[in-house]
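Architecture and fold: a report
The residues making up each chain are set out below.
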Amino acid sequence: MPKKRIGVLTSGGDCPGLNAVLRGVVRAADRLDWEVLGFRDGYEGLLPEGGDYMVLDRSTTAGIMHLGGTIIGTTNRGHFAAKVRAGEKAAIPDEIIDQARRNFNHLGLDALIAIGGDGSLTTALQLHQSGFPVIGVPKTIDNDLQATAMTFGFDSAVACVADALDRLHTTATSHKRVMVLEVMGRHAGWIALYGGLAGGADIILIPEIPFDIDKVCEQVLHREKLGCKSTMIVVAEGASPRDGRQSRLTTAAGEYRLGGVGDMVGREVGERTGKDTRVCVLGHLQRGGAPTALDRILGTRFGVAAVKLVAEENFGTMVSYQNYETRAVPISEAVHRLKRVDVRGQLIATARAVEITFGD
Ligand code: F6P
């Protein structure tokens, strides 16, 4: 195998397991006697004269597997934003691609491994179409990427939701309260569904099933009649009422962000049922902290598989996880559209079988 020099970057929102991927890439590359450069802050690291990077080797990646975040930094904004909103694309300007190409060639790189979610992989695809030898690695806590059964980071986020529900349960039961837990999930309800199932939620509201607040309140009162001491409602940030829109907040910078649906549900339930209701927004706790064992293993497998794809020169592909195995799929298959919860699927049926309702 000829000696190679490869670049790697982490892009978009961070998630637990990124460092496990970096470590996997470095260990697999080291066995082939290849060099690895880690570009700082996602694709942005490709732009400064000569590139902004750190050498990733056995020593700089030692002891990082259990660490959340990413040692090379990331960003979900900057010059390479290829996706504006779900379904909307923005072409990366030619001068940005040319600047990245100059650095890429100057550094003598043979390949670029881009670790990211939907937006970052859309960028990876565009770079590949512009002639860059790119391999994608799927990452997102939301688990909403097509063409892979699972992304790393998701399991850690679910564990965080389940832990939060365990804690909320005890206080809710003591006070005979309704608890609303708002979790992440912009367009897909995977975190709410898995976390809610694991944490014993009673009502789960997800973007795929627009909810009727009357139905939510009926269920709360029904449970009270049954003698239940508390009701736990998990709501994905992207869930919306049947007759309304997703709740958005405006930041100080004037940007829109999803958020507020938990407050809305808590307020309505409290007012309509007369039940003492509290709201908790889990936010970025779901993205931080140590990865679960599953995410460490998945991350390691993805890193090793990405190096194998570089060795095979199978560029324009992404590592995918299917039937407990990693394999290559075209990046275009992953970013084509989001993977959403199948409302007629087994998982929803299982949840309904254990008396979880969805506000429908
Ligand atoms: O896509 C992952 C995600 O965690 C979403 O679930 C969430 O809406 C978003 O990122 C938050 O992004 P930011 O870190 O920019 O607030």
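Rules used in this analysis
- Residues numbered from 1 in each chain as written.
- Predicted model: local features only at pLDDT ≥ 70, side-chain atom pairs only at ≥ 80, totals over all residues.
- Heavy atoms only, no water.
- 1 Å grid on protein atoms, 1.4 Å probe; cavity = no way out; pocket = protein on both sides within 12 Å on 5 of 7 lines; lining within 4 Å.
- Points joined across faces, edges and corners; volume = space filled by probe spheres on them.
- Helix = DSSP H or I, 4+ residues; strand = E, 2+ residues; numbered from the N terminus.
- Buried < 20%, exposed > 50% of the residue type's maximum accessible area, 1.4 Å probe, protein only.
- Pairing = 2+ DSSP bridges.
- Domains from an automatic or database assignment.
- Contact = heavy atoms within 4.5 Å.
- Buried area = accessible area lost by both parts, 1.4 Å probe.
- Salt bridge = Lys/Arg side-chain N within 4 Å of Asp/Glu carboxyl O.
- Nonpolar A, V, L, I, M, F, W, Y, C, P; charged D, E, K, R; others polar.
- Axes fitted to C-alpha atoms, helices over the stretch in contact; angles between N-to-C directions.
- Parallel < 35°, antiparallel > 145°, perpendicular 65-115°, else oblique.
- Left-handed = near helix turned anticlockwise from the far one by under 90°.
- Phe/Tyr/Trp six-rings, centres within 6.5 Å; stacked < 30°, edge-to-face > 60°.

Another aspect to go through is the layout of surface pockets. Here the second largest pocket defines a volume of roughly 210 Å³. Every residue lining the second largest pocket is listed: Asn143, Ala149, Met150, Phe154, Trp190, Tyr194, Leu294, Tyr321, Gln322, Asn323, Tyr324 and Lys339. At the level of elements, α5 (190–198) and β12 (317–322) are the ones that each hand at least two residues to the lining of the second largest pocket.

Here the focus is the pairing of strand β3 (residues 53–56). Of the two faces of β3, the one holding Met54 and Leu56 is buried and the one holding Tyr53 and Val55 is not buried anywhere. Examined bridge by bridge, strand β2 (residues 35–39) and β3 share four bridges and lie antiparallel to one another. Pairing of phenylalanine 39 across the sheet is with tyrosine 53, part of β3.

How big an interface is tends to be stated in terms of the accessible area lost upon association of its parts. Under the domain assignment, the protein chain is made up of domain 1 (5–152 + 291–334) and domain 2 (155–288). Taken over C-alpha atoms, the centre of domain 1 sits 33 Å from the centre of domain 2. Counting residues at the interface gives 14 residues for domain 1 and 16 residues for domain 2. A combined buried area of about 1300 Å² lies between domain 1 and domain 2, and 50% of that area is made up of carbon and sulfur atoms. Counting across the interface, domain 1 meets domain 2 through two salt bridges.

The subject of this paragraph is empty space enclosed by the protein. Taken as a whole and assessed by the stated rule, the structure comprises one cavity of 30 Å³ or more. The calculated volume of the largest cavity comes to roughly 50 Å³. Taken together, Lys176, Arg177, Val178, Val220, Arg223, Glu224, Cys228, Lys229, Ser230, Thr231 and Lys275 make up the lining of the largest cavity. Of the residues that constitute the lining of the largest cavity, the class distribution is three nonpolar, two polar and six charged.

Before going further, it helps to spend a moment on the pattern of salt bridges. The full count for this structure, using the stated rule, is 19 salt bridges. Here aspartate 163 and arginine 167 are joined by a salt bridge, their closest N and O atoms 3.1 Å apart. With aspartate 163 and arginine 167 both in helix α4 (residues 154–175) and four residues apart, this pair spans about one turn of that helix. Judged by its relative accessible area of 36%, aspartate 163 is partly exposed. For arginine 167, a relative accessible area of 57% translates into the label exposed. With a shortest N-O distance of 3.2 Å, lysine 308 and glutamate 312 are connected by a salt bridge. Using a relative accessible area of 44% as the deciding quantity, one classes glutamate 312 as partly exposed. Each of Arg77, Glu255 and Arg257 takes part in a single network of salt bridges with overlapping partners.

To continue, consider the packing of α5 against helix α10 (residues 346–353). Interaxial distance between α5 and α10 falls to 11 Å at its minimum, and their mutual angle equals 40°. It follows that α5 is oblique to α10 by the angle criterion. Here α5 runs over α10; the crossing is left-handed. Touching Trp190, Leu193, Tyr194 and Leu197 of α5 are Leu347, Ile348 and Ala351, all from α10.

With that settled, consider the environment of alanine 147. Relative to the helices and strands, alanine 147 is located in the loop between β5 (134–138) and α4. Among the residues examined, alanine 147 registers a relative accessible area of 16% and is labelled buried. With 24 residues separating them along the chain, alanine 147 and threonine 123 place their C-alpha atoms 17 Å apart.

A full pass over the atoms with the stated rule returns seven aromatic pairs. With 5.3 Å between their ring centres and 70° between their planes, phenylalanine 104 and phenylalanine 132 make a pair best called edge-to-face. In this pair, phenylalanine 104 is assigned in helix α2 (residues 94–106) and phenylalanine 132 in the loop between α3 (118–129) and β5, connecting sequence segments 28 residues apart. Across the pair, exposure class does not vary: phenylalanine 104 and phenylalanine 132 are buried alike. A ring pair is formed by phenylalanine 154 and tyrosine 194, whose centres lie 5.0 Å apart and whose planes are at 75°; its orientation type is edge-to-face.

Sheet architecture is open: four strands sit in the order β7-β8-β6-β11, paired in parallel fashion. Both edges of this open sheet fall to β7 (203–205) and β11 (277–281), since each of them pairs with a single strand only. Along the sheet, successive strands turn relative to each other by an average axial angle of 15°, direction set aside. Here strand β6 (residues 178–183) runs beside β11; their pairing, made up of five bridges, is parallel. For glutamate 182, the partnering residue across the bridge sits in β11 and is valine 281. Of the strands in this sheet, β6, β7, β8 (231–236) and β11 are in contact with helix α7 (residues 261–273), which crosses β6 at around 165°.

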